[in-house]
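Topology and contacts: notes
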Amino acid sequence: MESGKYFKIVGYEKIINCNLFKNLRLGLDPKLFTQQQIKNYFLKNNMIKFLSKNLIDEIKNQKVVKSAPFFSLKDEIVGENRKSKINKIINYLKKNKADNLFVTAPENVAWILNIRGDDGPNSPVPNSRLIINKSKKIFLISEIYKAKKLIKEKIINKNQLISTSNLPKKILALNGKNFIIDNKSCSVFYENIIKSKFKIIKKEDPTYLLKAIKNNIEIDNMIT
């Protein structure tokens with residue numbers, strides 16, 4: 001398909017403060033944008049409507065290709081086990097008087113649980129989300145079939161797996177008074193679900209800083 005014939009691709013920078021949507025209402029999928037992105041790129045136009053369904057997903061006869069299940073990495077490869085990483089995050093939650101952390105950047109989920117996936121053609125990042133509670137409970141949000149190896153290897157159990165479609169119901173059943181979410185990666189869709197019950201604390205996901213400090217095995221592997 002020739003893109004020039006049916007549509008034109010433009011960067012966000014092209015639509016900031018422009019008059020393109022002056023007399024139009026722009027439909028957005030709330031799962032694909034954060035509140036910060038909306039504020040930066042679209043809010044000035046004041047013509048935004050969030051869609052309950054992504055219209056692209058409604059196109060019939062789309063070829064659906066299932067990616068391979070997630071897999072885990074051995075501790076001797078990553079240099080730190082998942083239990084140690086989760087404990088560091090729990091300490092962060094307690095220090096900030098927070099009950100839950102919603103990890104919405106898939107690359108951070110990969111680091112915390114020492115898992116990888118096959119969802120993208122050029123990256124091993126597993127398309128998933130993670131909830132960590134201060135009482136050491138964790139919940140992986142993913143398509144069920146992708147986590148079958150993790151369950152078999154006892155990385156997680158069935159009760160720790162939440163399907164994407166069942167997420168709203170499961171979040172509202174969680175304990176605690178508040179949630180830390182990351183401005184740069186938590187979508188409007190997830191934020192709205194959480195704030196319907198919990199107080200939201202907007203902070204940078206602590207995983208970014210934790211994984212920035214490389215252990216000796218990671219350094220050796222990078223040099224190699």
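See the structure shown above.
Residues numbered from 1 in each chain as written. Predicted model: local features only at pLDDT ≥ 70, side-chain atom pairs only at ≥ 80, totals over all residues. Heavy atoms only, no water.

**Observations concerning helix 5 (residues 106-113)**
Selection rule: Summary of the burial criterion: residues with accessible area below 20% of their type's maximum are buried, those above 50% are exposed, and those between are partly exposed, where the area comes from a 1.4 Å probe applied to protein chains only. Helix and strand definitions follow DSSP, with helices as H or I runs of at least four residues and strands as E runs of at least two, each counted in order from the N terminus.
Of all eight residues in helix 5, seven are buried; the element is thus mostly enclosed. Along helix 5, the residues classified as buried are Pro-106, Asn-108, Val-109, Ala-110, Trp-111, Ile-112 and Leu-113. With its phi angle positive at about 55°, Asn-114 sits one or two positions after the end of helix 5.

**Quick look at a nonpolar patch on the surface**
Operational definition: Exposure above 30% relative accessible area and the absence of a salt bridge qualify a residue for a patch, where like charges join within 9 Å and nonpolar side chains (Val, Leu, Ile, Met, Phe, Trp, Tyr) within 5 Å. For the area figures, the Shrake-Rupley method with a 1.4 Å probe applies, and any residue is considered shielded solely by the protein chains shown. Here a salt bridge means any side-chain nitrogen of Lys or Arg lying within 4 Å of a carboxyl oxygen belonging to Asp or Glu.
Taken together, the side chains of Tyr-6, Phe-7 and Ile-9 make up a nonpolar region of the molecular surface, amounting to roughly 380 Å² of accessible area. Its location among the elements puts Ile-9 in the loop between helix 1 (3-6) and strand 1 (26-28).

**Quick look at the environment of Phe-179**
The cut-off we apply is this: Here, residues are in contact when the closest pair of their heavy atoms is within 4.5 Å.
Here Phe-179 is to be found in strand 9 (residues 178-181). Look at Phe-179 and you get buried, because its relative accessible area is 0%. The spacing of Phe-179 and Ile-156 is 23 residues in sequence and 22 Å in space, taken between C-alpha atoms. Contacts of Phe-179, omitting those with residues within four sequence positions, involve Asn-100, Leu-101, Phe-102, Ile-131, Leu-174, Ile-194, Phe-198, Lys-199, Ile-200 and Ile-201.

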